[in-house]
There are 2 protein chains.
Amino acid sequence: MDPDQVARAFVEHYYSTFDTNRGGLGNLYQDGSMLTFEGQKIQGSQNIVAKLTALPFQQCQHIISTVDCQPSGPVGGMLVFVSGNLQLAGEQHPLKFSQMFHLMPTPQGSFYVLNDIFRLNYA
Amino acid sequence: MDPDQVARAFVEHYYSTFDTNRGGLGNLYQDGSMLTFEGQKIQGSQNIVAKLTALPFQQCQHIISTVDCQPSGPVGGMLVFVSGNLQLAGEQHPLKFSQMFHLMPTPQGSFYVLNDIFRLNYA
């Protein structure tokens, strides 16, 4: 499968899960996974999901603008770089965001998120 | 040395070189390095520098807003995620940008850029 297709499929799955069932994101992380969310460092699937589900908004929609991907080196990983808009329920204007994921292959032929860095770009 | 300090030192070196002597960036890339610049994929130090020096502006200044970093896995790499403003000479308003670097260790104890993804966030 084309890496760009894999990246886009991952991104669609990630944000549709985020927007409809945030707790379901736990399956995409493992114990060694890292999230840096607006500068705050969090490690491990359980802590990451706790952070994401505790964000101070209930309903949101991610609207993707761009998805770029590159292979990350010898161990079969993939870097995915996303820019887009985050529309919070009840807010008039969306927030711009950028996010990068480092996906690593699992023995089952799937991917998990090893690295995740998220930033809002206050426009 | 603290990874955050390494990341910040790299970022300062990278953008001051970009803003004063773009051709000097070639030393930071290798033949296997990849740049995705606004969706265009370029490989190899020589091609990357050719792209960066051919950008349609002569003078610019990168003003960094945030630098995040995480270790990228078992081979000693480091992910660096940057957001900031790009001020072009003669333009009134700066452009917002996001950029990620995947730094890999060299045998000499330094780092080179394996992956580089750059995007403007048209604000």
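Here the structure is a predicted model, which means the values were calculated and not measured.

1. Regarding the overall build of chain A
Next, step 1: Looking only at helices and strands, one finds 2 helices and 6 strands in chain A.
Next, step 2: Sequence-ordered secondary structure for chain A, helices as α and strands as β, is α-β-β-α-β-β-β-β.
Next, step 3: Compactness check: chain A gives a C-alpha radius of gyration of 14 Å against a globular reference of 14 Å for 123 residues, within 12% of the reference.
Next, step 4: The principal-axis extent of the C-alpha atoms belonging to chain A is close to 45 × 30 × 25 Å.
Next, step 5: Taken across its 123 residues, chain A has 53% of its residues classed as buried.

2. Section: the UniProt feature "domain: NTF2" (unreviewed entry) in chain A
Next, step 1: The residues that UniProt annotates with the feature "domain: NTF2" (unreviewed entry) are residues 6–120 of chain A.
Next, step 2: Counted over residues 6–120 of chain A, helix gives 21% and strand 50%. Its end C-alpha atoms are 25 Å apart.

3. Focus: the pattern of salt bridges
Next, step 1: This structure, assessed with the given rule, holds 4 salt bridges over all chains.
Next, step 2: The residue Lys 41 of chain B makes a salt bridge to Asp 4 of chain A at a minimum N-O spacing of 3.1 Å. One end of the pair, Lys 41 of chain B, is in strand β2 (residues 40–43); the other, Asp 4 of chain A, is in helix α1 (residues 3–20), on a second chain.
Next, step 3: Overall, Lys 41 of chain B belongs to the exposed group, its relative accessible area being 52%.
Next, step 4: Of the residues examined, Asp 4 of chain A reaches a relative accessible area of 34% and is grouped as partly exposed.

4. Regarding α1 of chain A
Residues and elements named next belong to chain A.
Next, step 1: Counted at 1.5 Å a residue, the expected span for α1 with its 18 residues is 26 Å, and the 26 Å between its end C-alpha atoms agrees.
Next, step 2: For α1, the complete set of buried residues consists of Val 6, Ala 7, Phe 10, Val 11, Tyr 14, Tyr 15, Thr 17 and Phe 18. Down the axis of α1, the sector holding all buried residues measures 155°, keeping them to one side. Exposed residues on α1 whose side chains face more than 90 degrees from its buried face are Glu 12 and Thr 20.
Next, step 3: Buried residues along α1 sit in contact with β1 (29–37), α2 (45–53), β3 (60–71), β4 (78–88), β5 (95–105) and β6 (111–120).
Next, step 4: The N-cap residue of α1 is Asp 2: its side-chain oxygen and the backbone nitrogen of Asp 4 are 2.7 Å apart.

5. Concerning the sheet that holds β2 of chain B
Two pairing modes exist for strands in a sheet, parallel and antiparallel, and in both the strands are linked by backbone hydrogen bonds.
Residue and element names in this part refer to chain B.
Next, step 1: The strand order across the open sheet built from 6 strands is β2-β1-β6-β5-β4-β3, with neighbouring strands paired in mixed fashion. Strands with a single pairing partner mark the edges of an open sheet, and in this sheet they are β2 and β3 (60–71). If you compare each strand with its neighbour and ignore which way they point, the axes differ by 15° on average.
Next, step 2: As paired strands, β3 and strand β4 (residues 78–88) are joined by 11 bridges and run antiparallel to one another. Paired with Pro 71 across the two strands is Met 78, which belongs to β4.
Next, step 3: Against the sheet, helix α2 (residues 45–53) contacts β1 (29–37) and β2, and its axis sits at roughly 40° relative to β1.

6. With respect to the sheet that holds β5 of chain A
Residue and element names in this part refer to chain A.
Next, step 1: The mixed open sheet is built from 6 strands, whose spatial order is β2-β1-β6-β5-β4-β3. Every interior strand has two partners, whereas the edge strands, β2 (40–43) and β3, have only one. In this sheet, adjacent strand axes meet at a mean angle of 15° when their direction is disregarded.
Next, step 2: By the bridge criterion, 9 bridges tie β5 to β6 in an arrangement that is antiparallel. Paired with His 102 across the strands is Asn 115, a residue of β6.
Next, step 3: With respect to the sheet, α1 is in contact with β1, β3, β4, β5 and β6, its orientation differing from that of β3 by roughly 155°.

What counts, and at which threshold
- Residues numbered from 1 in each chain as written.
- Chains lettered and ligands numbered in written order.
- Predicted model: local features only at pLDDT ≥ 70, side-chain atom pairs only at ≥ 80, totals over all residues.
- Heavy atoms only, no water.
- Helix = DSSP H or I, 4+ residues; strand = E, 2+ residues; numbered from the N terminus.
- Rg over C-alpha atoms; globule rule 2.2 N^0.38 Å.
- Buried < 20%, exposed > 50% of the residue type's maximum accessible area, 1.4 Å probe, protein only.
- UniProt positions renumbered as here; feature names shortened; annotations may be inferred.
- Salt bridge = Lys/Arg side-chain N within 4 Å of Asp/Glu carboxyl O.
- Expected span 1.5 Å × (residues − 1).
- Arc of directions from axis to C-beta.
- Contact = heavy atoms within 4.5 Å.
- Polar contact = N/O pair within 3.5 Å; in protein donor to acceptor, adjacent residues only side chain to side chain.
- Pairing = 2+ DSSP bridges.
- Axes fitted to C-alpha atoms, helices over the stretch in contact; angles between N-to-C directions.

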